[in-house]
Amino acid sequence: MQAGIIGLGAMGSGMARNMACSDYLTTLWNRTPDKAEKLAVELGIKPSTSIQQLAAGVDIIVICVSADKDLLEVINAILKSIKPGSIIVDTSTVSSETANIAADLLAGKQACFLDAPVSGGVEGAKNGTLAMMVGGDAAVLERAMPVLNCMCSRIIHMGKTGTGQGTKAVNQIMAAGINQAVTEALAFAQAEGLPLEKVIEVVSGGAAGNWFLEHRGLSMTQHHYQPGFKLALHHKDLNICQSMAEQNSADLALVKKTISDYEQLINKGFGEEDISALFRLKHKR
């Protein structure tokens, strides 16, 4: 099975490298050609000059873009040259509605679509340890598994098209809550005059321990916010969650609070920092 990837940002480039290590990746494309050419040289493959060229030459296409409109632009370009039976795996975070639109468009060309957002951040993409939540036909997922296993340590089929994105929304809501809790707790520890490194070490080993505390706790208390997951992207995702909640009558008070906090930070120019930059609003200077 020959694979191509579209979208070579912080996540996509890590996924591309893992696909290439397993000899599945044969081509790639990025909106910025220089980035695609540089990575293609590193991986020993040829970049595609267009999305249409990529779609015509591979069996499976992995997409990793930032927003709903970006995904639909890519899908409409793919439609011009996609081969019947091809599989498109979208790892972006978009709405369930957008996932269903993409699936319907591709079905008209007898191509298969999986909405397969991932969690695990830049580190997971780099290390091939992402968690993937997949919506779509289980038989199609089975065909795609050899390629997806290169990028993920956990792949779960959630159900019909759109359920992958629904599950990712759950993930993003939880991430917002964890971010609020960890930044607030560490700001409290700082105000108490506690040794923050020791606080993080001992709490990480107990019931309140979590990935975010372990991997972002120390850096945020040192005011280093190098992005693993950009705050502006989480803000975008939480707005998607809020829109979905309006349709199913769920109450997302914590999401509303986090969106408001993120908007303050974005307006101050911190949107490109890691979501742990929320600590900026919590701690006493």
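Above this note sits the structure.
Since the structure is predicted, the reported quantities are computational estimates derived from the model, not experimental observations. (Residues numbered from 1 in each chain as written. Predicted model: local features only at pLDDT ≥ 70, side-chain atom pairs only at ≥ 80, totals over all residues. Heavy atoms only, no water.)

**Q** Can you explain the state of the cysteines? Please cite residues and give values.
**A** All chains considered together, the criterion is met by zero disulfides. In this structure Cys-64 is not part of a disulfide, and its nearest cysteine sulfur, from Cys-152, lies 11 Å away. Taking the relative accessible area as the measure of exposure, Cys-64 reaches 15% and is therefore buried. In this structure Cys-112 is not part of a disulfide, and its nearest cysteine sulfur, from Cys-152, lies 19 Å away. (Disulfide = S-S within 2.5 Å. Buried < 20%, exposed > 50% of the residue type's maximum accessible area, 1.4 Å probe, protein only.)

**Q** So what about the pattern of salt bridges? Which residues, and what values?
**A** Under the defined criterion, the tally for this structure stands at eleven salt bridges. A salt bridge links Arg-216 to Glu-123, with the shortest nitrogen-to-oxygen separation between them at 2.9 Å. With Arg-216 in helix α10 (residues 211-221) and Glu-123 in helix α6 (residues 121-127), this residue pair connects regions lying 93 residues apart in the sequence. On the basis of relative accessible area, Glu-123 is assigned to the partly exposed category, the value being 28%. Three or more residues are tied together by salt bridges with common partners; here these are Arg-31, Lys-69 and Asp-70. (Salt bridge = Lys/Arg side-chain N within 4 Å of Asp/Glu carboxyl O. Helix = DSSP H or I, 4+ residues; strand = E, 2+ residues; numbered from the N terminus.)

**Q** Just give me the short version of a nonpolar patch on the surface, but keep the residues and values in it.
**A** Together, Val-170, Met-174 and Ile-178 give the surface a local cluster of nonpolar side chains, amounting to about 260 Å² of exposed area. For Met-174, the location among the structural elements is in helix α8 (residues 163-191). (Patch = residues over 30% accessible without salt bridge, like charges linked within 9 Å, V, L, I, M, F, W, Y side chains within 5 Å. Areas by Shrake-Rupley, 256 points an atom, 1.4 Å probe, with all protein chains shown as cover.)

**Q** Which residues make up the pairing of strand β5 (residues 87-90), and what values do they have?
**A** By the alternation rule, side chains of β5 split into Ile-87 and Val-89 and Ile-88 and Asp-90, which are all buried. Two elements, strand β4 (residues 60-63) and β5, share four bridges in a ladder whose sense is parallel. Of the residues in β5, the one forming a bridge with Ile-60 is Ile-87. The handedness of the β5 to strand β6 (residues 112-115) crossover, carried by helix α5 (residues 96-107), is right-handed. (Pairing = 2+ DSSP bridges. Right-handed = clockwise from strand over helix to strand, strands pointing away.)

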